[in-house]
Amino acid sequence: MSAPWPARRSITSIQLLTQLGLDLGLSLDRCLHETGLSPLQLASLNGEIEAQRELQLIANLVEALPAVEDLGLQAGRRYHLTTYGAWGYAILSSATVRQAAELGLRYHGLTYAFTRISLSVDDAIASLNFDDSALPPALHDFIVQRDMLGALVVVRELLGSTLQLLTVELRQPAPADVSPFIAAFGQVPRFGAAHNRLGFAADLLDNPLPRANPQLVSACEQQCQTLLARHQWHQGLAGRVRQLLLQSPGQIADMEQVAERLHLSSRTLRRRLIEEGTSFRALQDEVRQALAVELLAAGGLSLEEIAERLGYGELSNFIHAFKRWKGVTPGRYQRGMMV
């Protein structure tokens, strides 16, 4: 079973967590231990990293600072609306709290949460639920604390005021000192609960938001769609297949070759891809399409050369495939990109 979060994400969260470690006295090397990240990569403003690297950084913090029971809360305070790029601007421009919540959860993969967040309404109480079932056990407390307070920070900034919580429930055991939790949530959470959740008045969902902008929310949602598709490109077995296909675009591998590199039988590969809602042929098509657009945008190659790099024996086959993808010939598509 694949993780419920996209395999790749913005490097921003890594930067925030590293700064937390530095502020608490850790060295940069200790923070980045076994993440495979260099200080130079960390300085990138627009980079993307594998989610697994962030999990390793969180594990480093938890291991190095075992006495800090509110470590996740300290992290959660650092996640503001502006931290999330297009996702943040999209919900900020929504008409109501309900629209912001629905949009935010629809593009949940663009946040930095590792919990699966959902919204439920029961009579007069609405609850944000934080499912931690897919998390590594040693990281439960940190990630749940961070995700819950991070979400609360976003909601408060969205409203432009303090959100009065009706209930706060955490599955973790009660810590020795509950004061940081009272400061974070405005009340003593119910520890050892069955779920992680924040409850608030349901009628708040229909409140209008002060920065509503229909045009901006539409533009930001389109950007969210593009970003999420890019992040999910590497997810699951399908993501591993795409990566292998991208490694030799001039000689697009067949299913048997890819299966062998994944140490699977072709039958097992076919079955598992079907379980993920795709097929090997569809993934080949996706990779060829992405490479075709990239090569056309770069310029410098003839259509014949591009067709050859994508593994098409005849230019006519490439043109036919491209028209199926984009509705126009590759030549016309390229000319439109230059306008």
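Before reading further, recall that the structure is shown in the block above.
Quantities reported herein were computed from a predicted structural model and do not represent experimental measurements.

What counts as what
- Residues numbered from 1 in each chain as written.
- Predicted model: local features only at pLDDT ≥ 70, side-chain atom pairs only at ≥ 80, totals over all residues.
- Heavy atoms only, no water.
- Axes fitted to C-alpha atoms, helices over the stretch in contact; angles between N-to-C directions.
- Helix = DSSP H or I, 4+ residues; strand = E, 2+ residues; numbered from the N terminus.
- Parallel < 35°, antiparallel > 145°, perpendicular 65-115°, else oblique.
- Left-handed = near helix turned anticlockwise from the far one by under 90°.
- Contact = heavy atoms within 4.5 Å.
- Nonpolar A, V, L, I, M, F, W, Y, C, P; charged D, E, K, R; others polar.
- Salt bridge = Lys/Arg side-chain N within 4 Å of Asp/Glu carboxyl O.
- Buried < 20%, exposed > 50% of the residue type's maximum accessible area, 1.4 Å probe, protein only.
- Expected span 1.5 Å × (residues − 1).
- Phe/Tyr/Trp six-rings, centres within 6.5 Å; stacked < 30°, edge-to-face > 60°.

Enquirer: Explain the packing of helix α4 (residues 51-64) against helix α8 (residues 140-159) to me, and be specific about the residues and the numbers.
Expert: Interhelical geometry of α4 versus α8 gives an angle of 110° and a closest axis separation of 10 Å. Relative to α8, the element α4 is oriented roughly perpendicular. Between α4 and α8 lies a crossing whose hand is right-handed. Side by side, α4 and α8 meet where E54, L55, I58, L61 and V62 of the first sit next to F142, I143 and R146 of the second. Each residue belonging to the contact of α4 with α8 can be placed in one class, and the counts come to six nonpolar, no polar and two charged.

Enquirer: Give me the lowdown on the pattern of salt bridges, citing residues and values where you can.
Expert: Counted by the stated rule, this structure contains 13 salt bridges. A salt bridge links E50 to R53; the shortest N-O distance between them is 2.4 Å. On the accessibility criterion, E50 (30% relative accessible area) is partly exposed. Three or more residues joined by partner-sharing salt bridges are found here, namely R9, E54, R146 and D147.

Enquirer: Can you break down α8 residue by residue, with the values?
Expert: The terminal C-alpha atoms of α8 lie 28 Å apart, and with 20 residues this matches the ideal 28 Å at 1.5 Å per residue to within 8%. By the criterion of burial, α8 is predominantly enclosed, with 17 of the 20 residues buried. Just downstream of α8, G160 is the residue with a positive phi angle, here 75°.

Enquirer: Now, about the packing of aromatic side chains: what can you tell me, with residues and values included?
Expert: The final tally for this structure, using the stated rule, is eight aromatic pairs. For the ring pair Y79 and Y112, a centre distance of 5.9 Å and an interplane angle of 50° mean the geometry is tilted. Here the residue Y79 occupies a position in the loop between α5 (71-76) and α6 (86-92), and Y112 occupies one in the loop between α7 (97-106) and β3 (116-122), the gap between them amounting to 33 residues. Accessibility assignment for this pair places Y79 and Y112 in one class, buried. Between F181 and F191, the aromatic rings sit 5.3 Å apart at their centres with planes inclined by 85°, giving edge-to-face as the arrangement. Taken together, the residues span a long stretch of sequence, with F181 in helix α9 (residues 179-185) and F191 in the loop between α9 and β6 (197-201) at a distance of 10 residues. On the basis of relative accessible area, F191 is assigned to the buried category, the value being 16%. Ring pairs connect the aromatic residues Y312, F318, F322, W325 and Y333, which therefore count as one cluster.

Limitation: the analysis is restricted to geometry and does not speak to function.
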